[in-house]
Amino acid sequence: MNIESKLAENGIKIKTTKYGNQKTKCPQCQPPHDSHDTPLSVSINDEGAVWLCHHCEWKGGTGTNSYTQKNYVKKPLYVRPSTPNEPNKTESMYSFFAKRGIHKETVDALDLYVEGSWLAFPYLNENNEVVNIKYRTRDKKFKQSPNAERTLFNYQNAKDTDSIIFVEGEMDVLSLYEVGFTNAVSLPDGAPKEAKFKKDDARFKALENCPLKATNIIIFTDNDQAGKSLHDELLHRFGKDVCWYVQIPNDCKDANDVLLKHGTEKLKQIIDQAVPYPVDGLYTANQYSGSVIDLYNGNYVKPVEVGYPSLDEIYKIMKGTFHCITGVPNHGKSYFLDQMLIKLAQSQQWSFALFSPEHSTSMHIRRMVQMYNEKPFDIGEENRMTKYELEQAMEWLHNHFYFIETQDTVPNIDYILEIAKASVLKYGINGIVIDPYNEVSAVRQGNQREDEHIRDFISKCKRFARVHDIVVWVVAHPTKLQKNNDGGYSAPSSYDISGASHWSNQSDCILTIHRDFDENTTQVLTRKIREQDLYGKIGSATFKFDTRSRVFKEYRITTDFEIPQEWGNT
């Protein structure tokens, strides 16, 4: 029986039986999952086929000869909670909410009821069906329906609004509903102790399950550390360009506290006076007072180290910055960048979206698998990785790297950033890579010059990095260089990058990757660090490529060398 027939036995339809990867529909979750999506990845080789659904995580395999089918357990479906035909609504319940400033009309509008000693808060999906019930006692004990689908509380009233208010709990939703803001929602699992920006954080699953039409997001979380962490997580996922924040009175913790201590008019006022994040436009100094005081107190995001002591002396990674990597062709720019990303994923649990069309994605993954295992991939190599090690590496890469592909067209930067924005929202990525710049569409509008096109390209990337609090790396080739007397090339400077001096002027960091073929070493030179001593300084670190482990290893470091005059003050 051929591969196509074996896959068909499992309900999988494929477009071609050629070796490689392809995407198709998943028979396990479609429907009810979006019928336009193709979440099932199918990989075919000479041993058979394996598959993985990126929506419901259904995995499997079917093969010939020595290939053994893998037995995976299908991810369980959500369980719908049972709801009473006649919900129990008691005077004691209404009295409890009245003491919190919430009237009977609001309680009834959101269909709250009593179940034993528990207050019940129904959570609905986009079809207005109850898919989860959150329970609490009067003394603040909580529970939820087991194995329930995660949605937003009050989603049914907020899903189609242009503006939406995120608060931290059901009581805050009720408080805002009480004063006329029926567009408030809350997540079912509360606020995290600290913001980790992890794509698989179950706390934010409700955002995936609840499509929103809102273009204006007001964040009104609690005035404590957990509330600030939730605030940062939401800001990271939606972006500063659509987010506003409220200024809570110092004596209040949350929306219900404001209602009880200051009344309905004050609660309305702080919503009406919500402040936009300073993405664009003109602002007063007082609007930055909070962030300036945080800087003064040392409460700001610190740069992270890659994990190589010699490199960490001169180069650190600060979120919200734009980095350019250059170097002579075939000197290892892409390879070294991949190794840095793997180190960051291992030490910081970061994840990344990669646009790297110069090589097939399969070959790119092959290279990264070698780096992760520090073992060769190919048949015949000494100390070749085992199939188990390959599978473990693939599972790890699956959790940290996402690959942007465009099959038929050369994409422009707007298209790439749109996909990147979706990956920030859905997976919480921390950085994107565009490798190389010349694989992005160079079509210019009207009479725009090449240098103006590059200027706008960098500006869009920098703004995206700041708004979404991530790092953007772009690999850009140098212009044609003159050979030295020995037939080699000198390491390119920041002004040697092809196209325009904007690369040097606008980048926050510029690295040159330069290989010395005589010594078999690779130098990493920092050509520009905008904020020196904060996330680096001018210098170089030297590495040697270990052919046995397939990774760069530190060799020696040189810092504070004499800076050539043409580099300027940076």
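Definitions and cut-offs
- Residues numbered from 1 in each chain as written.
- Predicted model: local features only at pLDDT ≥ 70, side-chain atom pairs only at ≥ 80, totals over all residues.
- Heavy atoms only, no water.
- Helix = DSSP H or I, 4+ residues; strand = E, 2+ residues; numbered from the N terminus.
- Rg over C-alpha atoms; globule rule 2.2 N^0.38 Å.
- Buried < 20%, exposed > 50% of the residue type's maximum accessible area, 1.4 Å probe, protein only.
- Contact = heavy atoms within 4.5 Å.
- Phe/Tyr/Trp six-rings, centres within 6.5 Å; stacked < 30°, edge-to-face > 60°.
- 1 Å grid on protein atoms, 1.4 Å probe; cavity = no way out; pocket = protein on both sides within 12 Å on 5 of 7 lines; lining within 4 Å.
- Points joined across faces, edges and corners; volume = space filled by probe spheres on them.
- Nonpolar A, V, L, I, M, F, W, Y, C, P; charged D, E, K, R; others polar.
- Pairing = 2+ DSSP bridges.
- Axes fitted to C-alpha atoms, helices over the stretch in contact; angles between N-to-C directions.
- Core = buried A, V, L, I, M, F, W, Y, C linked by side-chain atoms within 4.5 Å.
- Parallel < 35°, antiparallel > 145°, perpendicular 65-115°, else oblique.

Draft legend 1. Local environment of the overall build of the protein. Each helix and strand counted, the protein has 17 helices and 22 strands in total. For the protein, the C-alpha radius of gyration of 27 Å lies close to 25 Å, the compact-globule estimate for 570 residues. Its C-alpha atoms give the protein principal-axis dimensions of roughly 90 × 70 × 50 Å. Each of the 570 residues in the protein was classed as buried or not, and the buried ones make up 48%. Expressed as a percentage of contacts within the protein between residues at least 6 apart in sequence, the contacts between residues at least 24 apart total 61%.

Draft legend 2. Looking closely at the packing of aromatic side chains. Evaluated as defined, the whole model comprises 22 aromatic pairs. Ring centres of Tyr123 and Phe153 lie 5.2 Å apart, and the angle between their planes is 50°; this geometry places the pair in the tilted category. Of the two residues, Tyr123 is situated in strand β6 (residues 118-124) and Phe153 in the loop between β8 (142-144) and α4 (155-158); the sequence distance between them amounts to 30 residues. Note on accessibility: Tyr123 and Phe153 belong to one class, buried. Measuring from centroid to centroid gives 5.9 Å for Tyr335 and Phe552, while their planes differ by 80°, and the two rings are edge-to-face. Taken together, the positions of Tyr335 in helix α12 (residues 333-348) and Phe552 in strand β22 (residues 551-559) put the pair 217 residues apart, joining distant regions of the chain. Residue Tyr335 is classed as buried on the basis of its relative accessible area of 17%. These aromatic residues form a ring-pair network of at least three members: Tyr308, Tyr335, Phe336, Phe543, Phe545 and Phe552.

Draft legend 3. Quick peek at unusual backbone geometry. Cis geometry marks the peptide bond from Asp435 to Pro436; its omega dihedral reads 0°. Following the sequence through the fold, Pro436 ends up in the loop between β17 (431-434) and α16 (450-468). At Asn154, a position not held by glycine, the phi torsion is positive, near 70°. Position of Asn154 relative to the elements: it lies in the loop between β8 and α4. Given the relative accessible area of 1%, Asn154 is considered buried. Notably, Asp469 is not glycine yet its phi reads approximately 55°, a positive angle. Counting through the fold element by element, Asp469 comes out in the loop between α16 and β18 (471-475). By relative accessible area, which is 26% here, Asp469 ends up partly exposed.

Draft legend 4. Representation of empty space enclosed by the protein in the model. In the structure shown here, the tally under the stated rule is one cavity of 30 Å³ or more. Its boundaries defined by the atoms lining it, the largest cavity holds a volume of some 30 Å³. Ser334, Ser356, Glu358, His359, Arg367 and Asp435 together form the lining of the largest cavity. Classifying every residue of the lining of the largest cavity gives no nonpolar, three polar and three charged.

Draft legend 5. Structural view of the sheet that holds β8. If you trace the four strands from one edge of the open sheet to the other, you get β5-β6-β7-β8, paired in antiparallel fashion. Two strands lie at the open edges of the sheet, namely β5 (113-115) and β8, each paired on one side alone. Geometrically, the sheet is characterised by an average inter-axis angle of 35° between neighbouring strands, direction not taken into account. Summarising the sheet, β6 and strand β7 (residues 130-136) pair through six bridges and their orientation is antiparallel. In the strand pairing of β7, Leu124 is matched with Val130. Contacting β5, β6 and β7, helix α2 (residues 91-99) crosses the sheet at an angle of about 80° to β6.

Draft legend 6. Up close: the nonpolar core. In this structure, Leu311, Tyr315, Ile317, Met340, Phe352, Phe401 and Trp473 are the most contacted members of the largest nonpolar core, which totals 43 residues. Each residue touching Leu311, except ones within four places of it in the same chain, is listed here: Val306, Phe336, Met340, Val524, Ala541, Phe543 and Glu554. Listed in part, the 35 residues of the second largest apolar core include Tyr94, Phe97, Phe121 and Val246.

Draft legend 7. Structural detail: the environment of Leu337. Note that Leu337 resides in helix α12. Note: C-alpha distance between Leu337 and Ile513 (176 residues apart in sequence) is 9.4 Å.

Draft legend 8. Fine view of the packing of helix α13 (residues 361-373) against helix α14 (residues 387-400). Running from N to C, α13 and α14 cross one another at 105°; their axes reach a closest spacing of 10 Å. Taken together, the axes of α13 and α14 lie roughly perpendicular to each other. Contact residues: Ile365, Met368, Val369, Tyr372 and Asn373 in α13; Glu389, Leu390, Ala393, Met394, Trp396 and Leu397 in α14. Tallied by class, residues from the contact of α13 with α14 come to nine nonpolar, one polar and one charged.

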